[in-house]
Amino acid sequence: MQWGKLIVNSAINPISAILGVKNGELAENSSTRELLGQTVKEGASVAQAKGVSLPFDVFQKVLDVARATAQNSSSMLKDVRRGTLTEVDAINGSIVREGDRLGVNVNLNRMLMGLINSSYQASQATSLIRW
């Protein structure tokens, strides 16, 4: 598993999907930068607990990727808008499972995963209503 890439995706994808914004907006807003930073910090803590050495400054990489793909909507945002399953369980779920196993606090990643999954479940319940 490429932990650097996983951590980058764990920050950009769910946060852009929850906020409904393109990637670039994440890097330009101080509140979202803080949220990105805290998400990255959790993932990096899990990687460190696993003995994984990250090949770059992950937070800076998140900002660089968000700016380089500024006009893009993340795949998770597209999935949320379509009401289809996302990769949140594979992305943030990997961090949550490993964090739990290693005793690392992963509450923010768990919350992001819960929000995305709740959004999907709500979209499915809504689609069942016939007026």
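As shown above, the structure is provided for reference.
Residues numbered from 1 in each chain as written. Predicted model: local features only at pLDDT ≥ 70, side-chain atom pairs only at ≥ 80, totals over all residues. Heavy atoms only, no water.

### Section: the nonpolar core
With 31 residues, the main nonpolar core has W3, I7, L36, V62 and I95 as its most contacted residues. Among the secondary structure elements, those contributing two or more residues to this core are α1 (3-19), α2 (23-28), α3 (30-49), α4 (58-68), α5 (75-82), α6 (88-102) and α7 (107-128). Ranked by residue count, the leading element in this core is α1, at eight residues. If we skip the residues at most four places from it in the chain, I7 touches V40, G43, A44, A47, L54, V58 and I95. (Core = buried A, V, L, I, M, F, W, Y, C linked by side-chain atoms within 4.5 Å. Buried < 20%, exposed > 50% of the residue type's maximum accessible area, 1.4 Å probe, protein only. Helix = DSSP H or I, 4+ residues; strand = E, 2+ residues; numbered from the N terminus. Contact = heavy atoms within 4.5 Å.)

### A look at the pattern of salt bridges
If charged atoms from side chains of opposite charge come close, those side chains can pair. By the definition in use, this model includes five salt bridges. Salt-bridge contacts for R110 lead to D100; the nearest nitrogen and oxygen are separated by 2.6 Å. One end of the pair, R110, is in helix α7; the other, D100, is in helix α6, with 10 residues separating them in the sequence. The partly exposed category is assigned to R110, whose relative accessible area is 34%. The exposure class of D100 is partly exposed, given its relative accessible area of 44%. (Salt bridge = Lys/Arg side-chain N within 4 Å of Asp/Glu carboxyl O.)

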